[in-house]
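Chains, contacts and geometry: an overview
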Amino acid sequence: MMDKKTLLFAGIAIALIIAAMAPFIASSNPDGLESAFFGIFGAKDLQGSSLDEEMAGSAEEEVTGITGNEYSFDSPFPDYSIGGMSKFGEAAAVIIGTLLVLGIALGLSRIVARRG
Amino acid sequence: MHIPDAFIPLPQAAVYWIIALIFIALSLRWARKELSEEKIPLVAILAAGIFAIQAVNIPIPWGTSGHMMGAALAAIVLGSPFAAVFILTLVLIVQGVLFGDGGLTVMGANIINMGVIGGFVGYYSYRGFYPVFKSPYAPAFIAGWLSLFIAALACAVEMAIAGTFPLGLGLFSMGLYHAVIGIIEGGITASAIYLIATARPDIMADTEGVPA
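Notes on the structure follow. (Residues numbered from 1 in each chain as written. Chains lettered and ligands numbered in written order. Predicted model: local features only at pLDDT ≥ 70, side-chain atom pairs only at ≥ 80, totals over all residues. Heavy atoms only, no water.)

Moving on, we get to the nonpolar core. Core analysis: the largest hydrophobic core is formed by 114 residues, its most contacted members being Leu33(A), Met1(B), Ile3(B), Phe7(B), Ile8(B), Val77(B) and Ile87(B). In this view, Ile8(B) contacts Thr67(A), Asn69(A), Ile3(B), Ala13(B), Tyr16(B), Val106(B), Ala109(B), Met159(B) and Ala162(B); residues no more than four positions away in its chain are not counted. (Core = buried A, V, L, I, M, F, W, Y, C linked by side-chain atoms within 4.5 Å. Buried < 20%, exposed > 50% of the residue type's maximum accessible area, 1.4 Å probe, protein only. Contact = heavy atoms within 4.5 Å.)

Pasting the structure below:
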């Protein structure tokens, strides 16, 4: 049985190892929702594996026309990338995100729990 | 299944945000009542681990990939669906604001699908199946699979209301892909529960002993 500190550090270590490996092992295929979207808008066969990049681009324009939601936001690290850096930049981005989530979760939990 | 901004019209996105905010408020109430000094590190580890594992897209057939959601895991380990709402909301805010993963106007819908539906389906299916198997692992697998699958179907319904997907085809394709991705969700949920139960059997003790 691990004590509280050991559990915390073991957990953080596991999260950081996953974060560091993520860009190297992750698939760049579209996810389930994107794949359904490309299939429905004719950029990809539902059960096929090749994506028509041109059709994919026009599908994105088409859907904006349907919903009228043109909101866009420039995130600092789009798609987990750090400007100009390769996979190592992505690993750094995921590690930064993991540590940030850890910090916010710890901080917010402490603040909320103390109020009670 | 992070919905981007363009997929939902703004008025509908606002409705999803309002519903999400109600659940976020309830999850904060859960946190205030239930978060002991013992549980705070566990919440933080689960949040960080779920963020990291969500970056690992695993290839599935049909030129598609999927990653774990983590809501069932959070809800089972912490013993409440609101734990999943609390943790997934934090993860989704960081993903959306810093990494452009999931839209900001539609974040309410993403919180509903992954946090609320994922958490409630995960938690209650785990509790429902626990007495059948009398062991945490098979129920955890089923809870993980169902939580992802139902969340994906909910997402397809939202896409149909938005006019983005036709209902039938949307349900079919989202269901098909996520039935496979759910195997990843179930497998990692059961494995993580094994690891946590091995490291700290006391933490799991109060959630294993269904019904409370």
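On to helix α1 (residues 10–34) of chain B. Counted at 1.5 Å a residue, the expected span for α1(B) with its 25 residues is 36 Å, and the 35 Å between its end C-alpha atoms agrees. Those residues of α1(B) that fall on the buried side of the exposure criterion are Ala13(B), Tyr16(B), Ala20(B), Ile24(B), Ser27(B), Trp30(B) and Ala31(B). (Helix = DSSP H or I, 4+ residues; strand = E, 2+ residues; numbered from the N terminus. Expected span 1.5 Å × (residues − 1).)

What follows covers the layout of surface pockets. If you add up the space inside the largest pocket, you get close to 1,400 Å³. Breaking the lining of the largest pocket down by element, the ones donating at least two residues are α1 (4–25), α2 (32–40), α3 (53–67) and α4 (87–115) of chain A together with α4 (81–99) of chain B. Broken down by element, the residue count for the lining of the largest pocket peaks at five residues, all from α3(A). Residue composition of the lining of the largest pocket, by class: 21 nonpolar, 16 polar and eleven charged. Taken as a whole, the second largest pocket encloses approximately 530 Å³ of empty space. In terms of lining residues, the second largest pocket is bounded by 22 residues, among which Ile14(A), Ile45(B), Ala192(B), Leu195(B) and Ile196(B) are the most central. Of all the elements in the fold, those that place two or more residues in the lining of the second largest pocket are α1 of chain A together with α2 (40–53) and α7 (167–199) of chain B. When residues in the lining of the second largest pocket are grouped by element, the largest group, seven residues, is from α7(B). When grouped by side-chain class, the residues that make up the lining of the second largest pocket number 18 nonpolar, four polar and no charged. (1 Å grid on protein atoms, 1.4 Å probe; cavity = no way out; pocket = protein on both sides within 12 Å on 5 of 7 lines; lining within 4 Å. Points joined across faces, edges and corners; volume = space filled by probe spheres on them. Nonpolar A, V, L, I, M, F, W, Y, C, P; charged D, E, K, R; others polar.)

Listed by partner, the interface residues are 59 residues for chain A and 72 residues for chain B. Each partner contributes to the roughly 5,600 Å² buried at the junction of chain A and chain B, and carbon and sulfur atoms together form 73% of this total. Remark: the boundary between chain A and chain B carries 15 residue pairs in polar contact (both at pLDDT 80 or more). Sorting the residues of the side of chain A that touches chain B by element identifies α1, α2, α3 and α4 of chain A as the ones contributing at least two each. Top element by residues in the side of chain A that touches chain B is α4(A). It accounts for 16 residues. Counted by class, the side of chain A that touches chain B contains 36 nonpolar, 16 polar and seven charged residues. (Buried area = accessible area lost by both parts, 1.4 Å probe. Polar contact = N/O pair within 3.5 Å; in protein donor to acceptor, adjacent residues only side chain to side chain.)

Glancing now at empty space enclosed by the protein. Tallied over the full model, the rule gives one cavity of 30 Å³ or more. Taken as a whole, the largest cavity encloses approximately 70 Å³ of empty space. Considering the residues around the largest cavity, the lining is formed by Asp31(A), Gly32(A), Met1(B), Ser65(B), Gly66(B), His67(B), Met68(B), Met69(B), Met114(B), Leu148(B), His178(B) and Ile181(B). At the level of secondary structure, the elements contributing two or more residues to the lining of the largest cavity comprise β2 (64–66) and α7 of chain B. For the lining of the largest cavity, the residue count by class is six nonpolar, five polar and one charged.

Residue and element names in this part refer to chain A. On the surface, a nonpolar cluster with roughly 530 Å² of combined accessible area is contributed by Ile17, Met21, Phe24, Ile25 and Phe88. If you tally residues by element for the nonpolar patch, the top one is α1, at four residues. Take Met21: it is sitting in helix α1. Take Met21: its relative accessible area is 40%, and that puts it in the partly exposed class. (Patch = residues over 30% accessible without salt bridge, like charges linked within 9 Å, V, L, I, M, F, W, Y side chains within 5 Å. Areas by Shrake-Rupley, 256 points an atom, 1.4 Å probe, with all protein chains shown as cover. Salt bridge = Lys/Arg side-chain N within 4 Å of Asp/Glu carboxyl O.)

With that out of the way, let us pick up a negative patch on the surface. All names here are of chain A. A surface patch of like charges, here negative, comprises Glu34, Glu60, Glu61 and Asp79. With respect to the helices, strands and loops of the structure, Asp79 is situated in the loop between α3 and α4. By relative accessible area, Asp79 is classed as exposed at 61%. (Lys, Arg positive; Asp, Glu negative; His and termini not counted. Charge placed at Lys NZ, Arg CZ, Asp CG, Glu CD.)

With that settled, consider the packing of α2(A) against α7(B). Contact geometry for α2(A) and α7(B): axes closest at 9 Å, N-to-C directions at 145°. Considering the relative orientation of α2(A) and α7(B), their crossing is right-handed. Across the interface between the two elements, Gly32(A), Leu33(A), Ser35(A), Ala36(A) and Ile40(A) from α2(A) touch Leu169(B), Gly170(B), Ser173(B), Met174(B), Tyr177(B), His178(B) and Ile181(B) from α7(B). Tallied by class, residues from the contact of α2(A) with α7(B) come to seven nonpolar, five polar and no charged. (Axes fitted to C-alpha atoms, helices over the stretch in contact; angles between N-to-C directions. Left-handed = near helix turned anticlockwise from the far one by under 90°.)

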